[in-house]
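Next come the chains, spelled out residue by residue.
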Amino acid sequence: PIDYAVLDGGKALMALYLAAESEGLACGYIGPHRASPATDQVPWPQDWGFLGLVTMGYPDRSSERPSRSHQRGWREVDEVIHWWDEGKP
């Protein structure tokens, strides 16, 4: 019951992230629920779906400020892994 467009889009984003990292770039992802201020500026065709927005650039290595995820620390496995029960999404 998975939409292949979403699955393929996720794989394409992962390939983009890996290629960017190998070139020394950093990436960020903004989900569709938060991207509307930026996407409202782009003349998308009305029938297109939107999976997310990727930001990319050179990281500021001079900054000593840790990321929010670093400040949060490790989460418990059950918080980040969700098991798919047959018949229950």
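What counts, and where the lines are drawn
Residues numbered from 1 in each chain as written. Predicted model: local features only at pLDDT ≥ 70, side-chain atom pairs only at ≥ 80, totals over all residues. Heavy atoms only, no water. Helix = DSSP H or I, 4+ residues; strand = E, 2+ residues; numbered from the N terminus. Rg over C-alpha atoms; globule rule 2.2 N^0.38 Å. Buried < 20%, exposed > 50% of the residue type's maximum accessible area, 1.4 Å probe, protein only. Contact = heavy atoms within 4.5 Å. Areas by Shrake-Rupley, 256 points an atom, 1.4 Å probe, with all protein chains shown as cover. Lys, Arg positive; Asp, Glu negative; His and termini not counted. Charge placed at Lys NZ, Arg CZ, Asp CG, Glu CD. Expected span 1.5 Å × (residues − 1). Polar contact = N/O pair within 3.5 Å; in protein donor to acceptor, adjacent residues only side chain to side chain. Phe/Tyr/Trp six-rings, centres within 6.5 Å; stacked < 30°, edge-to-face > 60°. Patch = residues over 30% accessible without salt bridge, like charges linked within 9 Å, V, L, I, M, F, W, Y side chains within 5 Å. Salt bridge = Lys/Arg side-chain N within 4 Å of Asp/Glu carboxyl O.

Chemist: I'm lost on the overall build of the protein in this one. Help?
Modeler: When its secondary structure is counted, the protein shows four helices and two strands. Each helix and strand of the protein, placed in order from N terminus to C terminus, yields the pattern α-β-α-β-α-α. For 89 residues, the compact-globule estimate of 2.2 N^0.38 gives 12 Å, and the protein exceeds it by more than 25% at 17 Å. Each principal axis of the C-alpha atoms in the protein carries an extent, and together these give about 45 × 40 × 25 Å. Residues counted as buried form 8% of the 89 residues belonging to the protein. A fraction of 64% describes how many contacts in the protein between residues 6 or more apart in sequence connect residues 24 or more apart. With the model as given, the accessible surface of the protein reaches about 8300 Å², and the carbon-plus-sulfur share is 57%. Separation of charge centres in the protein, based on 8 positive and 13 negative side chains, amounts to 6 Å.

Chemist: Please clarify how helix α1 (residues 4-22) should be interpreted in this entry.
Modeler: Each α-helix turn comprises 3.6 residues. Residues three or four places apart therefore point the same way. When the terminal C-alpha atoms of α1 are compared, their 27 Å separation across 19 residues agrees well with the 27 Å that a helix rising 1.5 Å per residue should span. Among the residues of α1, the N-terminal cap falls to D3, whose side-chain oxygen and the backbone nitrogen of A5 are separated by 3.0 Å.

Chemist: Hey, could you run me through the packing of aromatic side chains in this one?
Modeler: Applying the stated criterion across every chain yields a total of one aromatic pair. A ring pair is formed by W44 and W48, whose centres lie 6.1 Å apart and whose planes are at 45°; its orientation type is tilted. In this structure W48 comes out as exposed when scored by relative accessible area, which is 56%.

Chemist: Please clarify how the environment of L53 should be interpreted in this entry.
Modeler: The residue L53 is located in strand β2 (residues 53-57) in this model. Classification of L53 by relative accessible area gives partly exposed; the value is 26%. For the pair L53 and P32, spaced 21 residues apart in the sequence, the C-alpha separation amounts to 7.4 Å. Here L53 is in contact with G28, Y29, I30, A35 and A38, once residues within four sequence places are set aside.

Chemist: Explain a nonpolar patch on the surface here, please?
Modeler: A contiguous nonpolar surface patch, about 480 Å² in accessible area, is contributed by I2, Y4, L7 and W84. Looking at where L7 falls in the secondary structure, it is placed in helix α1. On the basis of relative accessibility, which here comes to 39%, the residue L7 falls in the partly exposed class.

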